[in-house]
Amino acid sequence: MTLVRQIRPDASKEFEFTVRDFDRVRALIHRRAGIALAESKQEMVYSRLARRLRATGIRSFQTYLDRLESRPDDDEWEAFTNALTTNLTSFFREEHHFPILAEHVRKAKEPVTVWCSASSTGEEPYSIAMTLCEALGTAATQSHVIATDIDTNVLNAASAGTYTMDRLDKMNPERARRFFLKGKGEHTGLVRVRPELRQMVTFKQLNLLSDDWPVSGQFDAIFCRNVMIYFDKPTQGKILSRFAPLMKPDALLFAGHSENFLYVSDAFKLRGKTVYELDPAKQAHRMQRPAGVTNKP
């Protein structure tokens, strides 16, 4: 007996959303951004894309998706991708990584450069920059954090560096005073990253599936945390193979708590809990810079 997948019409919903619509969304976002949407994401997809239908004045998912497929350069692609991108983050999330980074950069003999490949609203790259400041002292002014994300909305928020006070609730008060300014008057209840910390971080839009990555190695560390879980294994392997040539021989690669890179790439070996380093036996891969990687500052 064959089971037929169904998304039943819901009279309470503003727009009809069929199985075919959902399958088209899954195919489009996978092709555009490498994201593999699970069957369980049907309601999430409807909720987020229904906002785009309202914003564009389009009255059906079929018409909306037809527009995307027929116009590969349409500005709506950016909004579509932003809508389906999950941006869960916090300052010093997965805190065990940051002492490891601090210990690693103290050994560096030249200015440190770290790439945060999924910056979201900025909490992770600013946490990296704070760690560099605490570990390196005045030498941190020569260090640099490249922060990228596919979602242009979160990049704009990250660049502003402004957050509600409660985002710092779990942060050491001394660290909060050192790196943030408290809002006054109409800005009461807000904090902003101090200018000297913001100057250490450069935000750029980057799609990990793109042929051209506007970043340059060699990096002392790459943070790619809680990103790979949205990709299928072939996509994960492709991205990891492009990371390796951008890393210094002793560089570290930080993964999310539920991610394991050993099953998709043999270029790395496990150094500690969700922390990887290049496998010396595979160093030959570093001599083969993949096509499309540019040396843009």
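This structure is a prediction, so every number in the text was calculated from the model and none was measured.

Participant: Even after reading the chapter, I still don't get the overall build of the protein, so can you show me in this structure?
Facilitator: Per the secondary structure count, the protein includes 10 helices and 10 strands. Scaling as 2.2 N^0.38, a compact globule of 297 residues should have a C-alpha radius of gyration of about 19 Å, and the protein matches this with 21 Å. In terms of overall dimensions, the protein has C-alpha extents of about 60 × 60 × 35 Å along its principal axes. Within the protein, the proportion of its 297 residues that are buried is 48%. Here the contacts in the protein between residues at least 6 apart in sequence split such that 71% fall between residues at least 24 apart. Averaged over its 43 positive side-chain charges, the protein has a centre that lies 3 Å from the centre of its 37 negative ones.

Participant: Where do I start with the sheet that holds strand β8 (residues 247-255) in this structure?
Facilitator: In sheet architecture, strand pairing relies on hydrogen bonds along the backbone and comes in two forms, parallel and antiparallel. If you walk across this open sheet you meet the 7 strands as β6-β2-β1-β7-β8-β10-β9, and the pairing is mixed. Strands with a single pairing partner mark the edges of an open sheet, and in this sheet they are β6 (201-205) and β9 (268-272). If you compare each strand with its neighbour and ignore which way they point, the axes differ by 25° on average. Pairing between strand β1 (residues 113-116) and strand β2 (residues 144-149): 4 bridges, direction parallel. Along β2, the bridge assignment pairs T113 with H144.

Participant: Please explain the environment of I239 as it appears in this structure.
Facilitator: Mapping I239 onto the fold places it in helix α10 (residues 233-243). Considering only alpha carbons, one finds I239 and P195, 44 residues apart in sequence, at a separation of 33 Å. Excluding residues within four positions of it along the chain, I239 makes contact with L208, L209, W213, M228 and F231.

Participant: What am I meant to see in the packing of aromatic side chains here?
Facilitator: Aromatic ring pairs are described here by two measures, namely the spacing of the ring centres and the angle between the planes. This structure, assessed with the given rule, holds 19 aromatic pairs. Judged by centre distance (6.2 Å) and plane angle (75°), the rings of F17 and F22 are edge-to-face. Like F17, the residue F22 is buried in the burial classification. Pairing W77 with F80 gives two aromatic rings, centres 5.6 Å apart and planes at 90°, and the pair type is edge-to-face. One end of the pair is W77 and the other is F80, both in helix α4 (residues 76-83) and 3 residues apart, which spans about a single turn.

Participant: Sorry if this is basic, but what is going on with the nonpolar core here?
Facilitator: Considering soluble globular proteins, one finds that nonpolar side chains tend to be buried as a cluster. In terms of nonpolar packing, the biggest core is built from 52 residues, with F80, W115, F243, L253 and F268 touching the most fellow members. Where this core is concerned, the elements lending two or more residues are α1 (19-33), α2 (42-56), α3 (61-70), α4, β7 (219-224), α10, β8 and β10 (275-278). Setting aside chain neighbours within four positions, we find W115 in contact with I146, T148, L206, L208, W213, V215, F219, A221, I222, F223, F243 and L246. Judged by nonpolar contacts, the second largest core, of 38 residues, contains F92, L101, A102 and V193.

Participant: What is the right way to look at the environment of R93 in this model?
Facilitator: Note that R93 resides in the loop between α4 and α5 (97-106). Sequence separation between R93 and R225 is 132 residues; the distance between their C-alpha atoms is 9.8 Å. Among all residues touching R93, those that are not within four sequence positions of it are L88, F98, R225 and N226.

Participant: What am I meant to see in unusual backbone geometry here?
Facilitator: It is generally the case that most residues other than glycine have a negative phi and that most peptide bonds are trans. Phi at E94 is positive, roughly 55°, even though this residue is not glycine. Positive phi is not limited to glycine here, since S120 has a value of about 50°.

Participant: Sorry if this is basic, but what is going on with the pattern of salt bridges here?
Facilitator: Opposite charge on two side chains permits pairing when their charged atoms draw close. Enumeration over the complete set of coordinates arrives at 15 salt bridges. In this structure, D66 engages R24 in a salt bridge whose closest nitrogen and oxygen atoms are separated by 2.8 Å. Residue D66 is found in helix α3, and its partner R24 is found in helix α1; the two are separated by 42 residues along the sequence. Judged by relative accessible area, which is 36%, D66 ranks as partly exposed. Overall, the relative accessible area of 9% leaves R24 in the buried class. For D74, the salt bridge is made with R71, and the minimal N-O distance between the two is 3.5 Å. Here the salt bridges do not stand alone but share partners, grouping E14, R54 and R59 into one network.

Participant: Where do I start with the packing of α2 against α4 in this structure?
Facilitator: If you want to describe how two helices pack, look at the angle between their axes and the distance between the axes. The interhelical angle for the contact between α2 and α4, taken along N-to-C directions, is 150°, at an axis separation of 9 Å. It follows from the interaxial angle that α2 and α4 lie roughly antiparallel. Classified by chirality, the crossing of α4 by α2 is right-handed. Across the interface between the two elements, R48, L49, R52 and T56 of α2 pack against E76, A79, F80 and A83 of α4. A breakdown of the residues in the contact of α2 with α4 according to their chemical character gives 4 nonpolar, 1 polar and 3 charged.

Participant: Mind showing me how you'd approach α10 here?
Facilitator: Every α-helical turn comprises 3.6 residues, leaving residues that sit three or four positions apart pointing alike. By the burial criterion, the buried members of α10 are T235, Q236, G237, I239, L240, R242 and F243. Looking at the buried residues of α10, the elements they touch are α1, β1, β7, β8 and β9.

What counts as what
- Sequence order as written defines residue numbering, which begins from 1 separately in each chain.
- Since the coordinates come from a predicted model, pLDDT governs what is reported: local features require at least 70, and pairs of side-chain atoms require 80 or more to be given and counted, while whole-chain, interface and lining totals use all residues.
- The side-chain values count all of the structure's non-hydrogen atoms but skip hydrogen atoms and water molecules.
- Helical segments are the DSSP runs of H or I of at least four residues, strand segments are the runs of E of at least two, and each set is numbered from the N terminus.
- To get the radius of gyration, use the C-alpha atoms; to get the globule rule, take the number of residues to the power 0.38 and multiply by 2.2 Å.
- Each residue is placed in one exposure class: buried if its accessible area under a 1.4 Å probe, protein chains only, is under 20% of its type's maximum, exposed if it is over 50%, and partly exposed if it falls in between.
- Here, residues are in contact when the closest pair of their heavy atoms is within 4.5 Å.
- Think of it this way: Lys and Arg go in the positive column, Asp and Glu in the negative one, and His and the chain ends go nowhere.
- Where a charge sits is defined by one atom per residue type, namely NZ (Lys), CZ (Arg), CG (Asp) or CD (Glu).
- Pairing between strands is defined by DSSP: at least two bridges between them are needed.
- An axis is simply a line fitted to the C-alpha atoms; with a helix, the fit covers only the stretch in contact. Between two such axes, the angle follows the N-to-C directions and lies from 0 to 180 degrees.
- Pairing of aromatic rings covers Phe, Tyr and Trp, the last counted by its six-membered ring, and requires centre-to-centre distances within 6.5 Å; plane angles under 30 degrees mean stacked, over 60 mean edge-to-face, and any other angle means tilted.
- Joining through side-chain atoms within 4.5 Å is the link that ties buried Ala, Val, Leu, Ile, Met, Phe, Trp, Tyr and Cys residues into a set, and such a set is a nonpolar core.
- One speaks of a salt bridge when a side-chain nitrogen belonging to Lys or Arg is within 4 Å of a carboxyl oxygen belonging to Asp or Glu.
- An angle counts as roughly parallel when it lies under 35 degrees, as roughly antiparallel when it exceeds 145, as roughly perpendicular when it falls between 65 and 115, and as oblique in every other case.
- Handedness of a helix crossing follows the sense of rotation of the near helix relative to the far helix, less than a right angle counterclockwise being left-handed and clockwise being right-handed.
- Put simply, Ala, Val, Leu, Ile, Met, Phe, Trp, Tyr, Cys and Pro go in the nonpolar bin, Asp, Glu, Lys and Arg in the charged bin, and everything else, Gly too, in the polar bin.

No statement about biological role is implied by the geometric values presented.
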